[in-house]
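What the coordinates show
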There are 2 protein chains.
Amino acid sequence: MKPVSLKQIAKELGISITTVSKALNDYPDVSEKTRKKVKDLALKLDYSPNSFALGLRKNESKTLGLIIPDNVHYFFSSVIKGILEVAEKHDYLVIVMQSNEDYELEKKQVDLLISKGVAGILISLSNRTHIFDHLNKIINNGIPLLLFDKISKNVNCSKVFIDDRKSAYEAVSYLIKKGYKRIAHFRGDLNPQNSIDRFLGYKKALADNNIEFDPSLVYLCNNNSDFEDGYNSAKKLISDHQGNVDALFTVNDLLAIGAIKYFNQNNIKIPEQIALMGFSNWFMASVITPALTTVEQNGFEMGKKAADILFHEINCIRKGISYEPQKVVIPTELIFRESS
Amino acid sequence: MKPVSLKQIAKELGISITTVSKALNDYPDVSEKTRKKVKDLALKLDYSPNSFALGLRKNESKTLGLIIPDNVHYFFSSVIKGILEVAEKHDYLVIVMQSNEDYELEKKQVDLLISKGVAGILISLSNRTHIFDHLNKIINNGIPLLLFDKISKNVNCSKVFIDDRKSAYEAVSYLIKKGYKRIAHFRGDLNPQNSIDRFLGYKKALADNNIEFDPSLVYLCNNNSDFEDGYNSAKKLISDHQGNVDALFTVNDLLAIGAIKYFNQNNIKIPEQIALMGFSNWFMASVITPALTTVEQNGFEMGKKAADILFHEINCIRKGISYEPQKVVIPTELIFRESS
């Protein structure tokens, strides 16, 4: 016989899994009547909680799950550092997983974390995640879920992110204020929301300053938006627009650094002939010559805030208090350096 | 009454904890006589295994623990990626912890991982770890332990590392072969073994090529060996030895990149006036101008090899087969670029 699950009890009584779970654990925010109904049915069906879920309720599963698309990124390393610091203070362990931008792998990892009975899950979505059933499954299992950086508007959980459109708008507005008018943009994949939003911020800054948008100044860097992409697009930009482009805003620092390499090699002076603005403030942006003006994403702060919110929700669940999903925008800031 | 532990049984019978554990689990490499003695005593003392240890034996704790000194390092990010990739294939989870180069924190994290009943533990030691009781505790609990990169010779477990002395020797020999004679060295903290070994490799290369060692060409960068350290030491090097130094070998790429910044700003031509050799092959070494000649540490390979060995040992324990600790040296390679 297959063991009876919370889901079956919930289905039979027409209530949510969370309510069933709370009723079985005598949480005060479930009515006496519902509690009795749930317990009677559980008894009748011979429901027995699995050992991991049991661990969770007994406060033994002091473990979080964390899924990131790729760790070999200065930004994500900083986020992890922030999350681990907060978890450490709460005496929690963090299981770290890497989806490698693979939706199927992300789904499998979510299942594994649920089956392990982690107390909460933090995810930055892979670029290829467009179906969200696995995320709703987390929520339906009564496990707090927090999305950060690469989030989806279609999932009802807490989110911590930056305002990509506003940040890009501010970055490009700064270039315009400095007198640059022919501003090129190296954009990322057509797909992930942050790449779209940074492009839209760029466009809006031009429009608000009465600069006509020239699509020929926008280069698509969809080869993982890497260093080579930046180098090659810079080459193309110069051959297409030599003398008729005075600034460049890139969707991330890596592309800007590739462009700097090309400009340096070809004696194109930065910022005299072309000014540069990156995005992310990777460590190397500060050490390259010329140092790169860029947008600081505050990954460490994002990690800390994400973990803080998740712990709040874990505590709410343990105390039987309900909570509303939060949306927190981490402020970005322009870092002014030699390249503009 | 405090529950009886494996340790007490081991102490009373004068045998190891591992043997007690194996006897209780009917592993074939424990004699019938010992098995009976252990089981009788366990029965007499009312020994009951804790649930986590039970989970481990039942093959349920498919979890590894990983402690690194600092994640915001390209090298460690690569190692983590390698470890996660192998763990994924075995359907194992990895709990990642960061000691922040703090011995007390590392000790606490080890205790936590043991209490969680992880199946194996991987550690790169903090620079401040000189007592190894916590590591021996892992071994005494019958949990496979693997040290990587920053290891200790005083712990009897498997180790995966690079040959720092040989790698530095090869790097400096290459500079000498190219005709450089006055080679400065920016070394790291006096303490960690890899910093000492790279310094010794530098010295030996000079000696083997009949170049007199000049201590005034060695600069101690003990401020976490960071970018600023490299910048400031380069400034000092030039003011101390202008015209009488033709190459520089740094203990890591970060110091080299700091030095490049100073040389670029002061129109000191690389490699014409001073050649540069780094160590680690951080991502930015390839994108900086001039691109940095350096030693590739193969962090990703190190992570994969470390995890492979650990899984071998976990399987041995599960099958009751004994195993010998392994020492694996990951080959490094010189990456030739513009700076030398």
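Residues numbered from 1 in each chain as written. Chains lettered and ligands numbered in written order. Predicted model: local features only at pLDDT ≥ 70, side-chain atom pairs only at ≥ 80, totals over all residues. Heavy atoms only, no water.

1. Looking at helix 6 (residues 103-115) of chain B
Convention followed: Think of it this way: any DSSP run of H or I at least four residues long counts as a helix, any run of E at least two long counts as a strand, and we number them from the N terminus. Helices are assigned an expected span. That span is 1.5 Å times one less than the residue count. Exposure is judged per residue with a 1.4 Å probe applied to protein chains only, and the accessible area is read against the type maximum: over 50% gives exposed, under 20% gives buried, and values in between give partly exposed. Contact between two residues is taken to exist if any of their heavy atoms lie within 4.5 Å; hydrogens are not considered. Here a polar contact means two N or O atoms within 3.5 Å. Within protein one must be a hydrogen donor candidate and the other an acceptor candidate, and residues neighboring in sequence count only if both atoms are side-chain atoms.
Spanning 13 residues, helix 6 of chain B covers 19 Å between terminal C-alpha atoms, matching the ideal 18 Å at 1.5 Å per step. The complete set of buried residues in helix 6 of chain B reads B:Tyr103, B:Leu105, B:Glu106, B:Gln109, B:Val110, B:Leu113 and B:Ile114. Against the buried residues of helix 6 of chain B lie helix 5 (74-89) of chain A together with strand 1 (63-68), strand 2 (93-98), strand 3 (120-123) and helix 7 (133-140) of chain B. The backbone nitrogen of B:Glu104 lies 2.9 Å from a side-chain oxygen of the residue at the head of helix 6 of chain B, namely B:Asp102.

2. Observations regarding the pairing of strand 2 of chain B
All names here are of chain B. Heads up, the rule is: Pairing between two strands is assigned when DSSP locates at least 2 bridges connecting them.
Counting buried positions along strand 2 gives six out of six residues, so the element sits mostly inside the fold. Neither face of strand 2 is open: one carries Leu93, Ile95 and Met97, the other Val94, Val96 and Gln98, and all of them are buried. By the bridge criterion, six bridges tie strand 1 to strand 2 in an arrangement that is parallel. Residue pairing for strand 2: Ile68 is matched across the bridge by Gln98.

3. Overview of the packing of helix 10 (residues 227-241) of chain A against helix 11 (residues 253-265) of chain A
Residues and elements named next belong to chain A. In plain terms, the rule: Angles shown run from 0 to 180 degrees and are taken between the N-to-C directions of axes, each axis being a line fitted to C-alpha atoms and, for helices, limited to the stretch in contact. For classification purposes, an angle smaller than 35 degrees is called roughly parallel, one larger than 145 roughly antiparallel, one from 65 to 115 roughly perpendicular, and anything else oblique. If you view the pair so one helix is near and one far, a crossing is left-handed when the near helix is turned anticlockwise from the far one by less than a right angle, and right-handed when it is turned clockwise. Nonpolar residues are Ala, Val, Leu, Ile, Met, Phe, Trp, Tyr, Cys and Pro. Charged residues are Asp, Glu, Lys and Arg, and all others, Gly as well, are polar.
One can describe the packing of helix 10 onto helix 11 by two numbers: an axis separation of 7 Å at closest approach and a directional angle of 50°. In terms of orientation, helix 10 lies oblique with respect to helix 11. Pair helix 10 / helix 11 crosses with right-handed handedness. Contacts from Phe227, Asp229, Gly230, Tyr231, Ala234, Lys235 and Ile238 in helix 10 reach Leu254, Leu255, Ile257, Gly258, Ala259, Lys261, Tyr262, Phe263 and Gln265 in helix 11. By residue class, the composition of the contact of helix 10 with helix 11 is 10 nonpolar, three polar and three charged.

4. Here's the deal with the interface of chain B and chain A
Rule in force here: The buried area of a pairing is the accessible area, by a 1.4 Å probe, that goes missing from both parts when the two are put together, added over both. Only one rule defines a salt bridge in this text: a Lys or Arg side-chain nitrogen within 4 Å of an Asp or Glu carboxyl oxygen.
Residue-level contacts link 41 residues of chain B with 41 residues of chain A. Contact between chain B and chain A buries roughly 3,400 Å² in total, counting both sides, with carbon and sulfur atoms accounting for 58%. The tally of links from chain B across to chain A stands at six salt bridges. A:Lys108 serves as the salt-bridge partner of B:Glu88, at 3.2 Å between the closest nitrogen and oxygen. Counting across the interface, chain B meets chain A through 11 residue pairs in polar contact (both at pLDDT 80 or more). Those elements that place two or more of their residues in the side of chain B that touches chain A are helix 5 (74-89), strand 2, helix 6, helix 11 (253-265) and helix 12 (283-287) of chain B. Looking at the side of chain B that touches chain A, the element that brings in the most residues is helix 5 of chain B, giving seven residues. Looking at the side of chain B that touches chain A residue by residue, the classes come out as 19 nonpolar, 12 polar and 10 charged.

5. Some remarks on the relation of the copies chain B and chain A
Counted only if it meets this: We superpose the copies by least squares over the C-alpha atoms of residues that have a pLDDT of at least 70 in both of them.
For the pair chain B and chain A, the superposition axis carries a translation of 0.0 Å, the fit reaches an RMSD of 0.1 Å, and the rotation angle comes to 180°. A rotation of that kind, with that shift, is consistent with a two-fold axis. Across chain B, the smallest distance between a C-alpha and the rotation axis is recorded for B:Ile95, namely 2.1 Å. With an isologous cut-off of 70% or more, the 100% of interface residues of chain B that recur at the interface of chain A puts this contact in the isologous class.

6. Describing the pattern of salt bridges
All names here are of chain A. With the rule as written, the count across this model stands at 28 salt bridges over all chains. A salt bridge links Asp208 to Lys204; the nearest nitrogen and oxygen atoms lie 2.9 Å apart. Here Asp208 and its partner Lys204 are both found in helix 9 (residues 193-208), four residues apart, which amounts to about one turn of the helix. The exposure class assigned to Asp208 is partly exposed, which follows from its relative accessible area of 41%.

7. A closer look at the domain arrangement of chain A
All names here are of chain A. Keep this limit in mind: Domain delimitation follows an automatic or database domain assignment.
The domain architecture assigned to chain A consists of domain 1 (6-49), domain 2 (56-160 + 300-330) and domain 3 (164-296). Computed over C-alpha atoms only, the centres of domain 2 and domain 3 are separated by 32 Å. Across the contact, seven residues belong to domain 2 and seven residues belong to domain 3. Surface buried jointly by domain 2 and domain 3 totals about 640 Å² across both partners, of which 52% is contributed by carbon and sulfur atoms. Scanning the region where domain 2 abuts domain 3 turns up zero salt bridges. On inspection of domain 2 and its partner domain 3, the count reaches zero residue pairs in polar contact (both at pLDDT 80 or more). By residue class, the composition of the side of domain 2 that touches domain 3 is one nonpolar, three polar and three charged.

8. So, the environment of B:Lys11
Here B:Lys11 lies in helix 1 (residues 6-13). Along the sequence, B:Lys11 and B:Ile268 sit 257 residues apart, while their C-alpha atoms lie 67 Å from each other.

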